[in-house]
Amino acid sequence: MKVAIISGSVYGTAEEVARHAESLLKAAGFEAWHAARATLQDLEGFAPQAFLAVTSTTGMGELPDNLMPLYSTLRDTLPAAWRGLPGAVIALGDASYGDTYCGGGEQMRELFAELGVREVQPMLRLDASETVTPEADAEPWLAEFAQALKA
(Lines give C-alpha, C1' and ligand atoms only; values in the text may rest on other atoms or scores of the structure.)
Protein backbone atom coordinates (compact mmCIF):
# COMPACT_ATOMS: atom_id res chain seq x y z
CA MET A 1 0.00 0.00 0.00
CA LYS A 2 1.28 3.45 -0.96
CA VAL A 3 1.09 5.94 1.93
CA ALA A 4 1.60 9.63 1.18
CA ILE A 5 2.82 11.65 4.15
CA ILE A 6 2.24 15.38 3.95
CA SER A 7 3.71 17.72 6.53
CA GLY A 8 3.73 21.29 7.68
CA SER A 9 6.26 22.58 10.15
CA VAL A 10 7.10 25.88 11.81
CA TYR A 11 10.46 24.94 13.38
CA GLY A 12 11.07 21.55 11.73
CA THR A 13 9.72 19.24 14.44
CA ALA A 14 6.69 18.09 12.43
CA GLU A 15 8.95 17.29 9.48
CA GLU A 16 11.16 15.20 11.77
CA VAL A 17 8.07 13.30 12.96
CA ALA A 18 6.98 12.85 9.31
CA ARG A 19 10.40 11.48 8.30
CA HIS A 20 10.34 9.12 11.28
CA ALA A 21 6.82 8.00 10.32
CA GLU A 22 8.03 7.36 6.77
CA SER A 23 10.84 5.10 7.99
CA LEU A 24 8.55 3.22 10.41
CA LEU A 25 5.88 2.69 7.75
CA LYS A 26 8.51 1.45 5.29
CA ALA A 27 9.79 -0.98 7.95
CA ALA A 28 6.18 -2.18 8.35
CA GLY A 29 6.03 -3.05 4.65
CA PHE A 30 4.37 0.03 3.21
CA GLU A 31 5.56 2.11 0.29
CA ALA A 32 5.72 5.37 2.24
CA TRP A 33 6.58 8.70 0.65
CA HIS A 34 7.18 12.08 2.26
CA ALA A 35 8.19 15.32 0.63
CA ALA A 36 8.33 18.59 2.50
CA ARG A 37 6.52 21.22 0.43
CA ALA A 38 4.76 18.58 -1.69
CA THR A 39 2.51 19.82 -4.49
CA LEU A 40 -0.71 18.34 -5.81
CA GLN A 41 1.26 17.13 -8.86
CA ASP A 42 3.76 15.38 -6.56
CA LEU A 43 0.91 13.61 -4.75
CA GLU A 44 -0.90 12.64 -7.92
CA GLY A 45 2.37 11.32 -9.36
CA PHE A 46 2.83 9.08 -6.30
CA ALA A 47 -0.78 7.80 -6.64
CA PRO A 48 -1.40 7.32 -2.90
CA GLN A 49 -3.64 4.62 -1.47
CA ALA A 50 -3.59 6.16 2.04
CA PHE A 51 -2.69 9.47 3.68
CA LEU A 52 -0.94 10.65 6.81
CA ALA A 53 -0.76 14.35 7.63
CA VAL A 54 1.76 15.55 10.20
CA THR A 55 1.48 19.21 11.07
CA SER A 56 2.42 21.67 13.72
CA THR A 57 0.27 24.69 14.56
CA THR A 58 1.20 28.36 14.49
CA GLY A 59 0.68 30.54 17.54
CA MET A 60 -2.58 31.72 15.97
CA GLY A 61 -3.85 28.14 15.65
CA GLU A 62 -3.26 27.95 11.89
CA LEU A 63 -1.37 25.66 9.55
CA PRO A 64 2.31 26.46 8.98
CA ASP A 65 3.16 28.59 5.93
CA ASN A 66 4.95 25.73 4.16
CA LEU A 67 1.74 23.61 4.13
CA MET A 68 -0.67 26.38 3.07
CA PRO A 69 -0.07 26.17 -0.72
CA LEU A 70 -0.89 22.42 -0.83
CA TYR A 71 -3.80 22.84 1.60
CA SER A 72 -5.32 25.62 -0.53
CA THR A 73 -4.86 23.67 -3.77
CA LEU A 74 -6.48 20.57 -2.27
CA ARG A 75 -9.45 22.61 -0.97
CA ASP A 76 -9.88 24.19 -4.40
CA THR A 77 -9.67 20.96 -6.41
CA LEU A 78 -10.95 18.21 -4.05
CA PRO A 79 -9.50 15.31 -6.09
CA ALA A 80 -12.29 12.74 -6.46
CA ALA A 81 -9.82 9.85 -6.83
CA TRP A 82 -9.03 10.06 -3.11
CA ARG A 83 -12.62 9.55 -1.87
CA GLY A 84 -12.76 6.58 0.50
CA LEU A 85 -9.00 6.26 0.98
CA PRO A 86 -7.81 5.73 4.57
CA GLY A 87 -5.96 8.44 6.42
CA ALA A 88 -5.10 10.01 9.75
CA VAL A 89 -3.49 13.10 11.28
CA ILE A 90 -0.70 13.73 13.76
CA ALA A 91 -0.95 17.23 15.23
CA LEU A 92 1.79 19.02 17.11
CA GLY A 93 0.93 21.92 19.35
CA ASP A 94 1.29 23.47 22.77
CA ALA A 95 -1.62 23.08 25.18
CA SER A 96 -0.73 26.39 26.83
CA TYR A 97 -2.26 28.09 23.76
CA GLY A 98 -5.71 26.95 24.90
CA ASP A 99 -8.39 27.02 22.20
CA THR A 100 -5.89 27.00 19.33
CA TYR A 101 -4.07 23.87 20.59
CA CYS A 102 -3.45 21.55 17.60
CA GLY A 103 -5.55 23.85 15.39
CA GLY A 104 -3.44 22.97 12.35
CA GLY A 105 -4.24 19.30 12.85
CA GLU A 106 -7.95 20.09 13.16
CA GLN A 107 -7.77 21.96 9.84
CA MET A 108 -6.18 18.91 8.19
CA ARG A 109 -8.88 16.62 9.65
CA GLU A 110 -11.54 18.91 8.19
CA LEU A 111 -9.79 18.91 4.81
CA PHE A 112 -9.54 15.11 4.83
CA ALA A 113 -13.28 14.96 5.57
CA GLU A 114 -13.97 17.28 2.63
CA LEU A 115 -11.77 15.09 0.42
CA GLY A 116 -13.66 11.98 1.55
CA VAL A 117 -10.57 10.50 3.20
CA ARG A 118 -11.71 7.98 5.86
CA GLU A 119 -10.20 8.66 9.27
CA VAL A 120 -8.98 5.22 10.36
CA GLN A 121 -7.59 6.39 13.69
CA PRO A 122 -8.29 9.37 15.96
CA MET A 123 -5.89 12.29 15.60
CA LEU A 124 -2.74 12.08 17.71
CA ARG A 125 -2.05 15.29 19.65
CA LEU A 126 1.58 15.81 20.64
CA ASP A 127 1.88 18.52 23.29
CA ALA A 128 5.17 20.45 23.17
CA SER A 129 4.72 21.44 26.82
CA GLU A 130 4.82 17.74 27.80
CA THR A 131 7.31 16.10 25.44
CA VAL A 132 10.79 16.63 24.07
CA THR A 133 10.71 13.42 21.98
CA PRO A 134 7.70 13.70 19.66
CA GLU A 135 9.14 11.16 17.19
CA ALA A 136 9.36 8.50 19.91
CA ASP A 137 6.02 9.54 21.41
CA ALA A 138 4.35 8.98 18.02
CA GLU A 139 5.66 5.41 17.63
CA PRO A 140 2.82 3.52 19.43
CA TRP A 141 0.21 5.52 17.51
CA LEU A 142 2.05 4.88 14.22
CA ALA A 143 2.11 1.14 14.96
CA GLU A 144 -1.67 1.25 15.43
CA PHE A 145 -2.02 3.29 12.23
CA ALA A 146 -0.04 0.65 10.32
CA GLN A 147 -2.33 -2.07 11.73
CA ALA A 148 -5.44 -0.08 10.79
CA LEU A 149 -4.16 0.25 7.22
CA LYS A 150 -3.48 -3.50 7.00
CA ALA A 151 -6.96 -4.37 8.33
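Residues numbered from 1 in each chain as written. Predicted model: local features only at pLDDT ≥ 70, side-chain atom pairs only at ≥ 80, totals over all residues. Heavy atoms only, no water.

- With an unreviewed UniProt entry as reference, the chain is termed Flavodoxin, source organism Pseudomonas kermanshahensis.

1. So, the overall build of the chain
- From N to C terminus, the chain includes 5 helices and 6 strands.
- A compact globule built from 151 residues would reach a C-alpha radius of gyration of about 15 Å, and the chain, at 14 Å, matches this within 12%.
- Over its C-alpha atoms, taken along the principal directions, the chain stretches across nearly 40 × 35 × 20 Å.
- Every one of the 151 residues in the chain was classed for burial, and the buried ones make up 50%.
- For the chain, the accessible surface area stands at approximately 7100 Å², while carbon and sulfur atoms represent 51% of it.
- Across the chain, the mean location of the 10 positive side-chain charges is 8 Å away from that of the 21 negative side-chain charges. (Helix = DSSP H or I, 4+ residues; strand = E, 2+ residues; numbered from the N terminus. Rg over C-alpha atoms; globule rule 2.2 N^0.38 Å. Buried < 20%, exposed > 50% of the residue type's maximum accessible area, 1.4 Å probe, protein only. Areas by Shrake-Rupley, 256 points an atom, 1.4 Å probe, with all protein chains shown as cover. Lys, Arg positive; Asp, Glu negative; His and termini not counted. Charge placed at Lys NZ, Arg CZ, Asp CG, Glu CD.)

2. Considerations on the packing of helix H1 (residues 13-27) against helix H5 (residues 134-150)
- Running from amino to carboxyl end, H1 crosses H5 at an angle of 40°, the nearest separation of the two axes being 10 Å. Between H1 and H5, the angle falls in the class oblique. The way H1 lies across H5 gives a crossing that is right-handed. When H1 is examined against H5, the residues Thr13, Glu16, Val17, His20, Ala21, Leu24 and Leu25 are found in contact with a partner set consisting of Pro134, Glu135, Ala138, Glu139, Leu142, Phe145 and Ala146. (Axes fitted to C-alpha atoms, helices over the stretch in contact; angles between N-to-C directions. Parallel < 35°, antiparallel > 145°, perpendicular 65-115°, else oblique. Left-handed = near helix turned anticlockwise from the far one by under 90°. Contact = heavy atoms within 4.5 Å.)

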